[in-house]
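Residue-level structural notes
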Amino acid sequence: NRARYDAAAASFVTALGKVKVDGNAAEGAFVAKMLTQQAGYLASINRMFAQVDLGNTAAVLKIDSGEVDPTFGAIESAVATKADAEHVVALDQLSELRELDTLTSRLTPIVFGLGLLLAALLGGVTRGYRRELLVERARAVKHSLHDPLTGLPNRALLAERFDLALQTATASEGATALLLIAVDR
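Attention here is on the structure that accompanies the text.

Thresholds, definitions, all that
- Residues numbered from 1 in each chain as written.
- Predicted model: local features only at pLDDT ≥ 70, side-chain atom pairs only at ≥ 80, totals over all residues.
- Heavy atoms only, no water.
- Phe/Tyr/Trp six-rings, centres within 6.5 Å; stacked < 30°, edge-to-face > 60°.
- Helix = DSSP H or I, 4+ residues; strand = E, 2+ residues; numbered from the N terminus.
- Buried < 20%, exposed > 50% of the residue type's maximum accessible area, 1.4 Å probe, protein only.
- Expected span 1.5 Å × (residues − 1).
- Bend = angle between axes of the 7 residues up to and from the residue.
- Contact = heavy atoms within 4.5 Å.
- Salt bridge = Lys/Arg side-chain N within 4 Å of Asp/Glu carboxyl O.
- Core = buried A, V, L, I, M, F, W, Y, C linked by side-chain atoms within 4.5 Å.
- Polar contact = N/O pair within 3.5 Å; in protein donor to acceptor, adjacent residues only side chain to side chain.

**Focus on the packing of aromatic side chains**
Enumeration according to the criterion identifies two aromatic pairs in this entry. Geometrically, the ring pair formed by Tyr5 and Phe49 is edge-to-face, given 5.4 Å between the ring centres and 65 degrees between the ring planes. With Tyr5 in helix α1 (residues 2–22) and Phe49 in helix α2 (residues 25–54), the pair connects residues that are 44 residues apart, well separated along the chain. Residue classification places Tyr5 among the partly exposed residues on the basis of a relative accessible area of 32%.

**As for helix α3 (residues 57–145)**
When the terminal C-alpha atoms of α3 are compared, their 122 Å separation across 89 residues agrees well with the 132 Å that a helix rising 1.5 Å per residue should span. At Asp64, α3 shows its largest bend, some 40 degrees. For α3, the full list of buried residues reads Ala59, Val60, Ile63, Val68, Ile75, Ala78 and Leu145. Those residues of α3 hidden inside the fold are in contact with α1, α2 and α4 (155–171).

**Observations concerning the pattern of salt bridges**
Evaluated as defined, the whole model comprises four salt bridges. Between Arg47 and Glu67 there is a salt bridge, and its shortest N-O distance comes to 2.0 Å. Within this pair, whereas Arg47 is found in helix α2, its partner Glu67 is found in helix α3, the two being separated by 20 residues in sequence. Exposure remark for Glu67: the relative accessible area of 27% places this residue in the partly exposed category. For Glu136, the salt bridge goes to Arg139, with nearest N and O atoms at 2.6 Å. Placement of both Glu136 and Arg139 in helix α3 is noted, with a separation of three residues, approximately one turn of the helix.

**Regarding the nonpolar core**
Membership of the largest hydrophobic core comes to 14 residues, with the highest contact counts inside it found for Met34, Ile45, Met48 and Val68. Breaking this core down by element, the ones donating at least two residues are α1, α2 and α3. Residue contributions to this core peak at seven residues, all from α2.

**Section: α2**
The first and last C-alpha atoms of α2 sit 44 Å apart over 30 residues, in line with the 44 Å expected at 1.5 Å per residue. The inward-facing, buried residues of α2 abut α1 and α3. Residue Asn24 occupies the N-cap position of α2, its side-chain oxygen lying 3.1 Å from the main-chain nitrogen of Ala26. One or two positions beyond α2, positive phi appears at Gly55, with a value near 80 degrees.

So this is what it looks like as structure tokens:
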């Protein structure tokens, strides 16, 4: 029986150590209180086993009923009360997590849809600007090759077309001619 008590006491101390490491200040105070009570409990157990070894049944029963059982009951009650309180807190946190999960599952498609809508809107704006840029580019090219006042081709267009005609004639081994009429005043 002594080995069972020692193993149980060691397991209890290990569990309290984990609570102390992982817990907050209030839980640390609870651990300190439990360790103090357990020290008294273990002292009573040791006295009781000493009387068992001596064969003193009356002293064993007196220590058991007067010290061991009440101390064990106090420890058991304190641990059960703390466990119940922690269980309530855990259930509340679980409930909050479920509510958050429900909210997330409802809002995710909405946010995703808004994101798609925003992407489509930005795509439309970008396409509009691109079309505008293409129109402006074509207009700039036309203005660079035509007289702005009359809209007639200018010398830059003449030079470009003449170069093209020369390249075509050279490639096909043909001839090219240029007729230039200058109209001044």
